Amino acid sequence: MSSLFITAAAFAQLPASDEKTATPKTPEPTADFPPISAIHAHVCGIHFYSGNMKRQLTAQHYCAHLTDEILQCVLYDSEKKDARLIGVEYIVSAKIFESLPADEKKFWHSHNYEVKSGVLTAPGAPEAAEKDLMKVLIGTYGKTWHTWQVDRGDKLPLGIPQLMMAFTKDGQLDPKIAAERERLYPISVAAKKAARADIPDAKIDPGADAWQKGKAVQLDLKTVSSG
């Protein structure tokens, strides 16, 4: 595949989601907002706070190519019209990730398990198109910041951004969160996992998923001189 990601043109041909997947029809745009109209992929994942796996939540990713090797996504807490913008995720190729310094790699997570486990999905996409997307995403890395801690009931985006991570093995996903997602979409994580069993595992750079080595990183607030 010449391009790292599924092309925008391919996603433009995907059918609009219907009421069965709880996805509202996209209204006709009343103005041209180029960065927004560039979005062509929707994936649904489950994140946890770096350093605290007990805090897990579902995030709706709406993504666009920046280049063939960089994807940028805006994250929402739902697919509804009044969904709250809760963060951003940047996704890069293995080639780019391998070129990063060790201190930078600590912020990034791998996508191998998310894909192979069935945790990562593309709501509304035909199964074949979703699988093609997963074959590409499996070898990429994500850097995710949540700016609104909706899981603790915040009514506003309070505090500083939080670094998020992704699961790397069975037993980490909270069954309650998995059940919530399965109620949201008529899918089964187990069925997705079985369907993706033939996707080859990606080689994971040891610099990713730093939390697994007891080196979870998170932002801290400090006062600096205003001079």
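Bear in mind that the values here come from a model prediction, so they are computed numbers and not experimental data.

About the thresholds
- Residues numbered from 1 in each chain as written.
- Predicted model: local features only at pLDDT ≥ 70, side-chain atom pairs only at ≥ 80, totals over all residues.
- Heavy atoms only, no water.
- Helix = DSSP H or I, 4+ residues; strand = E, 2+ residues; numbered from the N terminus.
- Buried < 20%, exposed > 50% of the residue type's maximum accessible area, 1.4 Å probe, protein only.
- Areas by Shrake-Rupley, 256 points an atom, 1.4 Å probe, with all protein chains shown as cover.
- Disulfide = S-S within 2.5 Å.
- Phe/Tyr/Trp six-rings, centres within 6.5 Å; stacked < 30°, edge-to-face > 60°.
- Lys NZ or Arg CZ within 6 Å of the ring centre and 35° of its normal.
- 1 Å grid on protein atoms, 1.4 Å probe; cavity = no way out; pocket = protein on both sides within 12 Å on 5 of 7 lines; lining within 4 Å.
- Points joined across faces, edges and corners; volume = space filled by probe spheres on them.
- Nonpolar A, V, L, I, M, F, W, Y, C, P; charged D, E, K, R; others polar.
- Arc of directions from axis to C-beta.
- Contact = heavy atoms within 4.5 Å.
- Polar contact = N/O pair within 3.5 Å; in protein donor to acceptor, adjacent residues only side chain to side chain.
- Salt bridge = Lys/Arg side-chain N within 4 Å of Asp/Glu carboxyl O.

Peer 1: Now, about the overall build of the chain: what can you tell me, with residues and values included?
Peer 2: Assigned secondary structure in the chain consists of 8 helices and 7 strands. For the chain, the residues scored as buried account for 43% of the 227 residues in total. Split by element, the accessible area of the chain, about 12600 Å² in all, is 58% carbon and sulfur.

Peer 1: I'd like a rundown of the state of the cysteines, residues and numbers included.
Peer 2: Disulfides are covalent bonds that link the sulfur atoms of two cysteine residues. In this structure the tally under the stated criterion is 1 disulfide. Between the sulfur atoms of C63 and its disulfide partner C73 the distance amounts to 2.1 Å. As the torsion about the S-S bond is roughly 105°, the C63-C73 disulfide counts as right-handed. Of this pair, C63 sits in strand β2 (residues 52-67) while C73 is found in strand β3 (residues 70-76), placing the two residues 10 residues apart along the sequence. For the pair C63 and C73, one class covers both residues: buried.

Peer 1: Account for the packing of aromatic side chains, naming residues and giving values.
Peer 2: Scanning the model with the defined rule gives 6 aromatic pairs in all. Their ring planes at 10° and their centres at 4.0 Å tell us that F97 and Y141 sit as a pair that is stacked. One end of the pair, F97, is in helix α3 (residues 94-98); the other, Y141, is in strand β6 (residues 141-146), and 44 residues separate them in sequence. Both residues of the pair, F97 and Y141, belong to the buried class. Of the aromatic side chains, those joined through ring pairs into one cluster are F48, F167 and W211. Looking at R55, its charged tip hangs above the ring of Y49, at a distance of 3.8 Å from the centre. Over the aromatic face of W148 sits the side chain of R84, whose NZ or CZ is 5.6 Å from the ring centroid.

Peer 1: Requested: an account of the layout of surface pockets, with residues and values cited.
Peer 2: By volume, the second largest pocket is sized at about 360 Å³. If you trace the second largest pocket, you find 16 residues lining it, with T58, D77, S78, E180 and L184 closest to the centre. Taken together, the residues of the lining of the second largest pocket sort by class into 5 nonpolar, 4 polar and 7 charged.

Peer 1: Which residues make up helix α6 (residues 127-137), and what are the values?
Peer 2: Among the residues of α6, E130, L133, M134, V136 and L137 are the ones counted as buried. Viewed along the axis of α6, the buried residues span an arc of 160°, placing them on a single side of the element. Away from the buried face of α6 by more than 90 degrees, exposed residues E127 and A128 are located.

Peer 1: Before we move on, can you summarise the environment of K143 with the specific residues and values?
Peer 2: Note that K143 resides in strand β6. Once the C-alpha coordinates of K143 and S110 are considered, the two residues, 33 residues apart in sequence, prove to be 9.2 Å apart. In this view, K143 contacts V88, E89, Y90, E104, F107, W108 and H109; residues no more than four positions away in its chain are not counted. A polar atom in the side chain of K143 sits 2.9 Å from the side chain of E104.

Peer 1: Tell me about the pattern of salt bridges, and name the residues and values.
Peer 2: A full pass over the atoms with the stated rule returns 11 salt bridges. For the salt bridge of E104 with K143, the shortest nitrogen-to-oxygen distance reads 2.9 Å. Of this pair, E104 sits in helix α4 (residues 102-105) while K143 sits in strand β6; the two residues are 39 residues apart in sequence, bridging distant segments of the chain. According to the relative accessible area criterion, K143 is buried, its value standing at 15%. What you see here is one network of salt bridges that share partners, running through E130, K192 and R196.

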